[in-house]
Amino acid sequence: MYKPIQANKDTFWVGVNDYETDLFESLWTLPQGVAYNAYVVTGLNAAAAIDTVKGPFLDEYINKLVQALDGKALNYLVVNHMEPDHAGLISQLKTKWPSLKFIGNAKTVPMLKGYHGIEEDIITVKDGDTLDLGGHILKFFTVPMLHWPESMVTFDASTGVLFSNDSFGGFGAHEGGIFDDEKVNSRWEDEMLRYYACIVAKYSNIVQVALKKLGALEINNIFPSHGTLFRHDVKQVINLYDKWSRHDADNGAVVVYGSMYGNTRHMAEAVCAGLSGANIKDVRLYDVSRADTSIILRDIWKFRSLALLACTYNTQLFPPMEALCSKLLNRMPKNKFLGIAGSYSWSKGVLTALHDYAEKSKLALINPEVEVYTSPTQEDLNKCFELGMNLGEAMA
Ligand code: FEO
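Residues numbered from 1 in each chain as written. Predicted model: local features only at pLDDT ≥ 70, side-chain atom pairs only at ≥ 80, totals over all residues. Heavy atoms only, no water.

> Before we go on, may I ask you to explain a nonpolar patch on the surface in this structure?
Residues Met260, Tyr261 and Tyr313 make up a contiguous nonpolar surface patch of about 380 Å² in total accessible area. Assignment of secondary structure puts tyrosine 261 in the loop between strand S17 (250-258) and helix H8 (263-277). (Patch = residues over 30% accessible without salt bridge, like charges linked within 9 Å, V, L, I, M, F, W, Y side chains within 5 Å. Areas by Shrake-Rupley, 256 points an atom, 1.4 Å probe, with all protein chains shown as cover. Salt bridge = Lys/Arg side-chain N within 4 Å of Asp/Glu carboxyl O. Helix = DSSP H or I, 4+ residues; strand = E, 2+ residues; numbered from the N terminus.)

Laid out in structure tokens, this is it:
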């Protein structure tokens, strides 16, 4: 977007699209880019920016901000979150508007000093504190760990806009429109779930607390700091967040395999055939060595069944599967059915490791556990088929 966009009364989007960062947090792919949404609310008496954007976008951001201010000074910067994708230009705003005051909470303060050397002109707010801009009273709510300890959201009661920062955010740059009613759902919902699974999922229990905390607000719009702005159907995204954070999922299965010479892949295909035999229509098969981890995580969050199959490597779990299990234990998806299977040639080990993951995950382990020596026999493949059938029937 090349100019600020009015998003509500006296409220402007002044964000940017980033098509050049290839890995978000140096971890997660960005095939559709990513947007850093920032805002400004221009009241009768004062103007407040809500977050900034990532450092390299200084000129574009300031240009939009100045246009939106239309000759007014910027009086406040609300720092909803200190991660540099939103706080990257804090120092530069202070240079341009020297009387600028920062709004943050007690946990924001040491980070302002640490990242930017800022120790003055900070207004420290607590849950429910307000800032009157004239015609717009901003209210602040802390949402610790969504996504960092200092994270908070800002609510404008006069417009019903919730500036939600990372919460309700999604990957994907804006293509044309920035609002939900200007896009098809399929273009943002998958990217929002991928963002949730990668960035937010670990804190799902806290999402539930935050949803209850914000539940009393009359929210008309949700404007997150990444991805689509919701003004048409706020309820649908609140429902999605509620669903994902309750670990509620759809009938369907993700089958992930790690295989060096194709034997474990044959087993995985037999599990998929079993799932299909149980009339499960949405089955997604991923090679853990090659598939995009963020998409695997997204789909694990989306579906109720998961099968993990791997070969043994140096007496242990095949390393890419070990890395996936580590990411899963970090996020702890719940309410799923789990199948495990593995193969070995000269040393066992993989099934013990997958069993260890299964115990730690607390997911419902479905039989049979299949362990194969060298290449699978027809009997082995039949057992894998049975595992797929049982996973499918468990969801009935
Ligand atoms: Fe988009 Fe946690 O920063």
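> Any chance you could explain helix H5 (residues 185-200) here in plain terms?
Residues spaced three or four apart along an α-helix face the same direction, because each turn holds 3.6 residues. When we look at burial in H5, the residues that qualify are Trp188, Glu191, Met192, Leu193, Arg194, Tyr195, Tyr196, Ala197, Cys198, Ile199 and Val200. The secondary structure elements touched by the buried residues of H5 are strand S4 (23-24), strand S5 (28-29), helix H6 (204-214), helix H7 (234-245), helix H9 (293-302) and helix H10 (319-331). (Buried < 20%, exposed > 50% of the residue type's maximum accessible area, 1.4 Å probe, protein only. Contact = heavy atoms within 4.5 Å.)

> When you look at the packing of H5 against H7 in this model, what are you seeing that I'm missing?
In helix packing, the relevant descriptors are the interaxial angle and the interaxial distance, both defined with respect to the helix axes. Packing of H5 against H7 brings their axes to within 12 Å, and their N-to-C directions diverge by 40 degrees. The crossing of H5 and H7 is right-handed. Touching Asn185, Trp188, Glu189, Met192, Leu193, Tyr196 and Val200 of H5 are Gln236, Val237, Leu240, Tyr241, Trp244 and Ser245, all from H7. Grouping the constituent residues of the contact of H5 with H7 by class yields nine nonpolar, three polar and one charged. (Axes fitted to C-alpha atoms, helices over the stretch in contact; angles between N-to-C directions. Left-handed = near helix turned anticlockwise from the far one by under 90°. Nonpolar A, V, L, I, M, F, W, Y, C, P; charged D, E, K, R; others polar.)

> It is not clear to me how the packing of aromatic side chains should be interpreted in this structure. Could you clarify?
Note on aromatic pairs: each is described by the distance of the centres and the angle between the planes. Taken as a whole, this structure holds 17 aromatic pairs when the rule is applied. Plain terms: the ring middles of phenylalanine 163 and phenylalanine 223 are 6.1 Å apart, the flat faces sit at 70 degrees to each other, and that makes the pair edge-to-face. Placement of the pair is phenylalanine 163 in strand S15 (residues 161-165) and phenylalanine 223 in strand S16 (residues 221-224), with a sequence separation of 60 residues. Each of the two residues, phenylalanine 163 as well as phenylalanine 223, counts as buried. What links up through ring pairs into an aromatic cluster is the set Phe168, Tyr196, Tyr241, Trp244 and Trp301. Stacked on the ring of tryptophan 97, the Lys or Arg lysine 96 has its end atom at 5.5 Å from the ring centre. Across from the ring centre of phenylalanine 179, 3.8 Å away, lies the NZ or CZ of arginine 231, which sits over that ring. (Phe/Tyr/Trp six-rings, centres within 6.5 Å; stacked < 30°, edge-to-face > 60°. Lys NZ or Arg CZ within 6 Å of the ring centre and 35° of its normal.)

> So what exactly am I meant to see when it comes to the environment of arginine 298 here?
Looking at the element boundaries, arginine 298 is found in helix H9. Accessibility expressed as a relative area gives 11% for arginine 298, which makes it buried. Taking C-alpha positions, arginine 298 is 9.8 Å from alanine 201, a pair spaced 97 residues apart along the chain. With residues near it in sequence (within four places) discarded, arginine 298 still touches Asp190, Leu193, Arg194, Ala197, Arg284 and Tyr286.

> Honestly, the pairing of strand S7 (residues 39-42) in this entry has me stumped. Any pointers?
A two-sided burial pattern is seen for S7, the buried positions comprising Tyr39 and Val41 on one face and Val40 and Thr42 on the other. Bridge analysis of strand S2 (residues 11-13) against S7 gives three bridges, and the strand direction is antiparallel. Across the sheet, the residue bridging to threonine 11 is valine 41, located in S7. Counting the residues that bridge the hairpin from S7 to strand S8 (residues 47-50) gives four residues. (Pairing = 2+ DSSP bridges.)

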